[in-house]
Amino acid sequence: MPDLIMVGVDGSVPGFDAVAWAADDAFRMHVPLRNVCVVETWPYQVPQIPAPEWDEALIENARKVLAQAEEIARERQPTIEVSTELMTGTPAAVLRERRRNRAGGR
């Protein structure tokens, strides 16, 4: 049994639906829930010189997404422990790595 439920959230309706489902699962399994939003500041590894404010806007949006995800989880299951984490990188790769690290390299 996991010691934590981790869900990636991106601000989409399906992403927020996943948060609600994960909150129910965390409640059922009696474990904390961590909502993770990964900001991809260099999508597709395109070599450009982005304006510095672009990164800040992406990070600010991710903070808003995480706040909304936390609100959804707390409304859905008020008794579970909920945390959030903002990371940068490629979402799929970051989430895979986080899972691998939590599983002890399995």
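Look above for the structure.
Here the structure is a predicted model, which means the values were calculated and not measured. (Residues numbered from 1 in each chain as written. Predicted model: local features only at pLDDT ≥ 70, side-chain atom pairs only at ≥ 80, totals over all residues. Heavy atoms only, no water.)

## Description of the pattern of salt bridges
Under the criterion given, the structure shown has six salt bridges. Where Asp 25 meets Arg 28, a salt bridge forms, and the shortest distance between an N and an O atom there is 2.5 Å. In this pair, Asp 25 and Arg 28 are both assigned in helix H1 (residues 13–29), three residues apart and thus about one turn of the helix distant. Given the relative accessible area of 56%, Arg 28 is considered exposed. (Salt bridge = Lys/Arg side-chain N within 4 Å of Asp/Glu carboxyl O. Helix = DSSP H or I, 4+ residues; strand = E, 2+ residues; numbered from the N terminus. Buried < 20%, exposed > 50% of the residue type's maximum accessible area, 1.4 Å probe, protein only.)

## A closer look at the environment of Ser 83
Tracing the chain through its elements places Ser 83 in strand S3 (residues 82–88). Here Ser 83 falls in the partly exposed class, since its relative accessible area comes to 25%. When the C-alpha atoms of Ser 83 and Glu 70 are compared, they prove to be 7.3 Å apart, with 13 residues separating the residues in sequence.

## Looking at the layout of surface pockets
In this structure, the second largest pocket spans a volume of roughly 260 Å³. Around the second largest pocket, the lining is made up of 15 residues, and of these Val 9, Asp 10, Cys 37, Val 38 and Pro 91 lie nearest the centre. Looking at the lining of the second largest pocket, the elements with two or more residues in it are strand S2 (33–39), helix H2 (52–76) and helix H3 (91–102). Looking at the lining of the second largest pocket residue by residue, the classes come out as 10 nonpolar, three polar and two charged. (1 Å grid on protein atoms, 1.4 Å probe; cavity = no way out; pocket = protein on both sides within 12 Å on 5 of 7 lines; lining within 4 Å. Points joined across faces, edges and corners; volume = space filled by probe spheres on them. Nonpolar A, V, L, I, M, F, W, Y, C, P; charged D, E, K, R; others polar.)

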